Amino acid sequence: MSESSAEAVVAATANAAGAAGTAGWRRAGIAGAAIGVLAAGAAAGVAVERLTVGRGMRKKARLALDATGPYGSLRGTPGRAVADDGTELYYEVDEVEVEPATADESASSGTRRRRLFGRKAPAPVTVVFSHGYCLGQDSWHFQRAALRGLVRTVHWDQRSHGRSERGRSQADGVPVGIDQLGRDLKAVIDAAAPDGPLVLAGHSMGGMTMMALADQYPALIRDRVAAVALIGTSSGKLGEVDFGLPVAGVNAVRRVLPGVLKALGSQAELVEKGRRATADLFAGLIKRYSFGSRDVDPAVARFAERLIEATPIDVVAEFYPAFTEHDKSGALPGFRDVPVLILAGDKDLVTPSSHSEAIADVLPDAELVIVPDAGHLVMLEHPETVTDRLADLLVRSGTVPAANVGGHGSTAQRPGR
């Protein structure tokens, strides 16, 4: 897209934002048009392929993929943690099934002594997965499927995402910040994994959440964290990301986007109607900013669409300002004493791989993996690579024996199993 066309898109978007402020988005069509302008500006070139297929056919294809796709179907033992502002945070635990010991094994392992002297069995290692912006815990589907039965895992939905409650502070007008998300993660850990070693894995906003946890609770990191995985994330300077747009265009977008999002968020019900009406444009937008390769499984691409579509527009608007303010580079040294995996896609337009390289500069002993032909949702686009590196991290940290990893590093098996 040329700079002039980018500027035209921005101008149209700014005009739409102004209309929203004065007319109050009286018609869903106006809201849909504004969103369509944003989508068209970002997804130019991707939407062209959709012009050759009828809208009805595309709708039928989406419904077929929704009906047959197994992604996001894994469920665990549910629980709820309460954040410091009263917000209920939903999580699920996948426990590791332990074979019942025989009488001889119990005696030899000290079970009877623990009963006599009141000693508890050591708590298992827990891997806590934190998802990214506009996603949910199901975005870790492949890794969850691969690690089931191998290690105890916790998957949670960030506030206002997935099955978690809408942030109560935000309902009262308090802006959401990354520090709040760090405190939310602490609440989930206290509820779902109060004891034992932890492995923290975070994608995008989830990685930032982990940095905020380290910044506010350094003793927790020092005493309990055995390993860390930072995937497609950033420690700051997100205001400098160009999203693959020309310099002039991205500067103009930065000026008007906060106002546009605020206007859209103020009329969420109308905007959601317009959003559904522009589903094809959104599909192109999501594909461009989620994946780096052309041959993404259509079922996986549709799964990503469903995850992002499930995030209400007012939540999208609510969280956006937090990223330009995010700076947790000072918290990174807290991870220096544990094995760290830093992984990113080489075509990530949202949190470019250069941001992962910057994290690696602070953590020189970390394993840095840049995945070829991968975009922002690298854990969905190249699941076997991500799962393999996570499994290796678990072995390096002593979380699981090498002999147990075996086929768990591959998602070649049917993902719903």
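Preceding block: the structure.
Residues numbered from 1 in each chain as written. Predicted model: local features only at pLDDT ≥ 70, side-chain atom pairs only at ≥ 80, totals over all residues. Heavy atoms only, no water.

1. Digging into the pairing of strand E4 (residues 152-156)
Working step 1: The buried count for E4 comes to five of five residues, which makes it a mostly enclosed element.
Working step 2: Residues Arg 152, Val 154 and Trp 156 of E4 are buried on one face, and the alternating residues Thr 153 and His 155, pointing to the opposite face, are buried as well.
Working step 3: Bridge count for strand E2 (residues 88-94) against E4 is four bridges, and the pairing is antiparallel. Across the sheet, residue Tyr 91 finds its bridge partner in E4, namely Trp 156.
Working step 4: In terms of strand pairing, strand E3 (residues 126-130) meets E4 through five bridges, oriented parallel. Bridging from a neighbouring strand, Phe 129 pairs with His 155 of E4.
Working step 5: Handedness of the E3-helix H6 (residues 141-147)-E4 crossover: right-handed. (Buried < 20%, exposed > 50% of the residue type's maximum accessible area, 1.4 Å probe, protein only. Helix = DSSP H or I, 4+ residues; strand = E, 2+ residues; numbered from the N terminus. Pairing = 2+ DSSP bridges. Right-handed = clockwise from strand over helix to strand, strands pointing away.)

2. Some thoughts on the pairing of strand E5 (residues 198-203)
Working step 1: The buried count for E5 comes to six of six residues, which makes it a mostly enclosed element.
Working step 2: Burial of E5 is two-sided: the residues Leu 198, Leu 200 and Gly 202 facing one way and the residues Val 199, Ala 201 and His 203 facing the other way are all buried.
Working step 3: Both E3 and E5 contribute to a ladder of five bridges, which runs parallel. Residue Val 127 lies in a different strand from E5, and its bridge partner there is Val 199.
Working step 4: Taken together, the six bridges between E5 and strand E6 (residues 225-231) define a ladder with parallel strand orientation. Across the sheet, residue Val 199 finds its bridge partner in E6, namely Ala 227.

3. Some words on the sheet that holds strand E8 (residues 367-371)
Working step 1: With mixed pairing, the eight strands of this open sheet are ordered in space as E1-E2-E4-E3-E5-E6-E7-E8. What marks the edges here is a single partner per strand, and that holds for strand E1 (77-82) and E8. Direction aside, the axes of adjacent strands within the sheet are offset by 20 degrees on average.
Working step 2: In this structure, E1 lies alongside E2, joined through six bridges in antiparallel fashion. Of the residues in E2, the one forming a bridge with Ala 81 is Leu 89.
Working step 3: Across the sheet, helix H16 (residues 353-362) lies against E6, strand E7 (340-345) and E8, angled at about 160 degrees from E7, the strand it touches most.
Working step 4: Helix H18 (residues 383-396) rests against E3, E5, E6, E7 and E8 of the sheet, and its axis sits at about 170 degrees to E7. (Axes fitted to C-alpha atoms, helices over the stretch in contact; angles between N-to-C directions. Contact = heavy atoms within 4.5 Å.)

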